Amino acid sequence: ALALETMEERIRKDLEDDRKDAECELSRYENARLMHEAAERTMHIVRFWENTFPLLFRVAMDVLPAQA
């Protein structure tokens, strides 16, 4: 029973860490005023998003292909 509780605690902690990471990245995105200009200066827009906002990039890659 102790191992199960420890595993559940670890899962809860991991989920909380993931949520905090996602909120942090979303906040960075929302506060990035010059992001449009920076994106225009790069030749590889996909790499720009992948490197700058990796979590949002993964969400977009999961959701956008469903539109096609």
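Here, the structure is the one placed above.
Quick summary incoming for the structure in this document. What you see is a predicted model, and the numbers here were worked out from it, not measured in a lab.

Here's the deal with the environment of R47
Phase 1 of the analysis: Mapped onto the secondary structure, R47 falls in helix α3 (residues 45–52).
Phase 2 of the analysis: Residue classification places R47 among the partly exposed positions, given a relative accessible area of 49%.
Phase 3 of the analysis: Between the alpha carbons of R47 and F57 there is a distance of 9.4 Å; along the sequence they are 10 residues apart.

Side note on a nonpolar patch on the surface
Phase 1 of the analysis: On the surface, a cluster of nonpolar side chains totalling about 310 Å² of accessible area is made up of M7, I11 and L15.
Phase 2 of the analysis: Among the secondary structure elements, L15 is positioned in helix α1 (residues 2–31).

So, the pattern of salt bridges
Phase 1 of the analysis: Throughout the structure, instances matching the rule amount to five salt bridges.
Phase 2 of the analysis: The salt bridge partner of R10 is D14, with a shortest N-O separation of 3.5 Å. Of the two residues, R10 and D14 are both situated in helix α1; the distance of four residues between them amounts to about one turn of the helix.
Phase 3 of the analysis: Residue class for D14 comes out partly exposed when judged on its relative accessible area of 29%.
Phase 4 of the analysis: Linking R19 and E16 is a salt bridge whose minimum nitrogen-to-oxygen distance equals 2.4 Å. With a gap of three residues between them, R19 and E16 both fall in helix α1, about one helical turn apart.
Phase 5 of the analysis: Taking the relative accessible area as the measure of exposure, R19 reaches 39% and is therefore partly exposed.
Phase 6 of the analysis: Among the ionic contacts, a cluster of salt bridges with common partners joins E16, R19 and E23.

Re the packing of aromatic side chains
Phase 1 of the analysis: Under the definition given, this model contains four aromatic pairs.
Phase 2 of the analysis: With centroids separated by 5.7 Å and ring planes inclined at 50°, the aromatic side chains of Y29 and W49 adopt a geometry described as tilted. One end of the pair, Y29, is in helix α1; the other, W49, is in helix α3, and 20 residues separate them in sequence.
Phase 3 of the analysis: Here the aromatic rings of Y29 and F53 are separated by 5.6 Å at their centres, their planes lie at 90°, and the arrangement is edge-to-face. Pair noted here: Y29 is in helix α1 and F53 is in the loop between α3 and α4 (54–63), with a separation of 24 residues, a long-range link.
Phase 4 of the analysis: Among the aromatic side chains, those forming a connected cluster through ring pairs are Y29, F48, W49 and F53.

Rules and cut-offs
Residues numbered from 1 in each chain as written. Predicted model: local features only at pLDDT ≥ 70, side-chain atom pairs only at ≥ 80, totals over all residues. Heavy atoms only, no water. Helix = DSSP H or I, 4+ residues; strand = E, 2+ residues; numbered from the N terminus. Buried < 20%, exposed > 50% of the residue type's maximum accessible area, 1.4 Å probe, protein only. Patch = residues over 30% accessible without salt bridge, like charges linked within 9 Å, V, L, I, M, F, W, Y side chains within 5 Å. Areas by Shrake-Rupley, 256 points an atom, 1.4 Å probe, with all protein chains shown as cover. Salt bridge = Lys/Arg side-chain N within 4 Å of Asp/Glu carboxyl O. Phe/Tyr/Trp six-rings, centres within 6.5 Å; stacked < 30°, edge-to-face > 60°.

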